Structure formats: structure tokens, C-alpha cells
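Fold and contact review
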Amino acid sequence: MTNNQTRPDRSILDPQTRAVVEMLEKDPFLDLSMTPAEMRLTFDRFYERIGYPDLPVAHVEDLEVPGKAGPIAVRLYYPLDGPEEKLPACVFYHGGGMMMGSIGAYDGLCRRLCAKSGAIVISSSYRLAPENKFPAAAEDAIAVFEWVYENAGRDAALQMR
């Protein structure tokens, strides 16, 4: 902000949101002087420091799903309510504007989603820009969704209601 601009009123934000905004101001990951690799590292560190509560899940499994340009990393989170039941599934695509973010950076959030929802959470990676031009990330996202849809009825761990 320039000197003639006023600081936004943060009193309307809840304390957790205000803390995240303050963290972002101290350690911005959208610094245009950084390389994409540096931005990604800073972005992942930022999200890891948010510190979601460590909620228990039954099991976490890393897999690769076939994609148009090669394997796509996914991480499956299974809720404590057992993989024997028919459980709903949620495919999660990390944030970062298709240029940053990773499965690891959003691990805490995905564990929370799984524990609170009782659903199997499938966290998907995708090819990142600028190295991979559009529509690379979208193609990977679609491939993972299609894999979940195709395997939901065959794999006991991915049966959806």
C-alpha cells in the first residue's frame, strides 16, 4: 500500500482468518521476483504452517493414476468409519492457481475433510504451469475424477453412495 491508502479494517475477520492474513503479509508467496520453483516452495511452507488440527483418519495411501501425459500422484484418506461400508468420496484439487500447491501442503486440510465428513478424500496433484501449458492441469484433474468414477464400483475402498 502507498502512504495515502488506508489499511483495511480487519476487525470484521474472525481470529483464525486474521492470523492467516497476517502470516501472508509477513511471508508472501506471490513475490514476482521469485522463480516458479521458489514460489512453490514458499507457498507449500506457508500452507504447512497454517497448522490444521491433527484429526485422526483410518488410513492414508499414496497412489498413481494413469494420465494423458503420465502418472498422476494422488493421496487417499480413509475415515475411521471403516472401508467396509459404502462411503461417499470427495475428489480434492489443491489450490495455487494451477502454478503452485501440492498434495503435501494440503495434507492437514484433507485429513480434516476426511475426519469431519466421513468420506474418502482423494487429493489430486496435477501438472503445474508455466512448465505445463493449459489445459495440462485440467486434463489431469479430469483423469483423476474419471479414475475415481470408474473405480468406485469395483474397489471396495472407493464405493460411493
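For the structure, see preceding data.
Numbers given for residues are sequential positions, taken from 1 along each chain in its written order. Given that the model is predicted, a residue must reach a pLDDT of at least 70 before its local features are reported, and side-chain atom pairs must reach 80 or more before they are shown or counted; all residues, however, enter totals for whole chains, interfaces and linings. The side-chain quantities take in all heavy atoms of the structure and omit both hydrogens and water.

1. Topic: the overall build of the chain
This is how the line gets drawn: Here a helix means four or more residues in a row that DSSP labels H or I, a strand means two or more in a row labelled E, and each is numbered from the N terminus. Residue burial is assigned from relative accessible area. The probe radius is 1.4 Å, only protein chains are included, and a residue is buried under 20% of its type maximum, exposed over 50%, and partly exposed in between. Contacts were defined at the residue level, with two residues in contact if any of their heavy atoms lie within 4.5 Å. Methods summary: accessible areas were calculated by the Shrake-Rupley approach with a probe of 1.4 Å, and residue burial reflects only the protein chains presented.
Helix and strand counts for the chain come out as four helices and four strands. Starting at the N terminus and walking to the C terminus, you meet the elements of the chain as α-α-β-β-β-α-β-α. Per-residue burial over the chain gives 34% buried out of 161 residues. Sequence-distant contacts, at least 24 apart, represent 62% of the contacts inside the chain between residues at least 6 apart. Split by element, the accessible area of the chain, about 9,800 Å² in all, is 56% carbon and sulfur.

2. Structural notes on the pairing of strand E2 (residues 72-78)
Keep this limit in mind: The pairing criterion is simple: DSSP has to find at least two bridges between the two strands.
With respect to burial, E2 is a largely interior element, six of its seven residues being buried. Direction of pairing for strand E1 (residues 59-65) relative to E2: antiparallel, over a ladder of seven bridges. The residue bridging Glu61 from the neighbouring strand is Leu76, located in E2. Following E1, the chain reverses through six residues before pairing antiparallel with E2; Gly70 in that reversal takes a positive phi of roughly 125°. Alignment of E2 against strand E4 (residues 120-124), held across four bridges, turns out to be antiparallel. Looking at the pairing, Tyr77 lines up with Val121 of E4.

3. Quick look at the layout of surface pockets
Note the cut-off: The distinction between a cavity and a pocket rests on a 1 Å grid over the protein atoms alone: a 1.4 Å probe fits inside a cavity but cannot get out, while a pocket stays open yet meets protein on both sides within 12 Å along at least five of seven lines, and a residue with an atom within 4 Å of a point counts as lining. Grid points are joined across faces, edges and corners, and a volume is the space filled by probe spheres set on the points. Three classes are used: nonpolar for Ala, Val, Leu, Ile, Met, Phe, Trp, Tyr, Cys and Pro, charged for Asp, Glu, Lys and Arg, and polar for all others, with Gly counted as polar.
When its volume is computed, the largest pocket comes out at roughly 190 Å³. Lining of the largest pocket is provided by Gln16, Ala19, Val20, Met23, Ile50, Gly51, Tyr52, Pro53 and Arg112. A class-by-class count of the residues in the lining of the largest pocket yields six nonpolar, two polar and one charged.

4. Here we look at the nonpolar core
Note the threshold: Among the buried residues, those of types Ala, Val, Leu, Ile, Met, Phe, Trp, Tyr and Cys that are joined through side-chain atoms within 4.5 Å form a nonpolar core.
Formed by 14 residues in total, the largest nonpolar core has its most connected members in Phe92, Tyr106 and Val121. Where this core is concerned, the elements lending two or more residues are helix H2 (36-49) and helix H3 (107-117). Those residues in contact with Tyr106, other than ones at most four positions away along the chain, are Phe43, Tyr47, Phe92, His94 and Gly95. Residues Val65, Ile120, Ala143 and Val144 belong to the second largest nonpolar core, which totals twelve residues.

5. Brief notes about H2
Stated formally: In this analysis, the expected span of each helix is defined as 1.5 Å times one less than the number of residues it contains.
Here H2 is 14 residues long and its end C-alpha atoms lie 20 Å apart, about the 20 Å a rise of 1.5 Å per residue gives. Those residues of H2 that fall on the buried side of the exposure criterion are Met39, Arg40, Thr42, Phe43, Asp44 and Phe46. Positive phi appears at Gly51, one or two residues downstream of H2, with a value of about 75°.

6. Let's talk about the pattern of salt bridges
Stated precisely, the cut-off is as follows: The term salt bridge refers to a side-chain nitrogen of Lys or Arg lying within 4 Å of a carboxyl oxygen of Asp or Glu.
Applying the stated criterion to the full structure yields seven salt bridges. Each member of the salt-bridge network shares a partner with another, and the members are Asp62, Arg75, Asp107 and Arg111.

7. Some words on the state of the cysteines
Definition in use: Whenever a pair of cysteine sulfur atoms sits within 2.5 Å, that pair is classed as a disulfide.
Within the structure shown, the criterion is met by zero disulfides. Considering cysteine sulfurs only, Cys90 is the nearest to Cys110, which forms no disulfide, with 7.9 Å between them. This cysteine, Cys114, is not joined by any disulfide, and Cys110 carries the nearest cysteine sulfur, 9.1 Å off. Residue Cys114 is classed as buried on the basis of its relative accessible area, which comes to 0%.

8. What to know about a nonpolar patch on the surface
Short version of the rule: The patches reported here contain residues having more than 30% relative accessible area and no salt bridge. Joining distances are 9 Å for like charges and 5 Å for nonpolar side chains (Val, Leu, Ile, Met, Phe, Trp, Tyr).
Taken together, the side chains of Tyr93, Phe145 and Tyr149 define a hydrophobic patch exposed on the protein surface, amounting to about 360 Å² of accessible area. If you trace the backbone, Tyr93 turns up in strand E3 (residues 89-93). The partly exposed category is assigned to Tyr93, whose relative accessible area is 32%.

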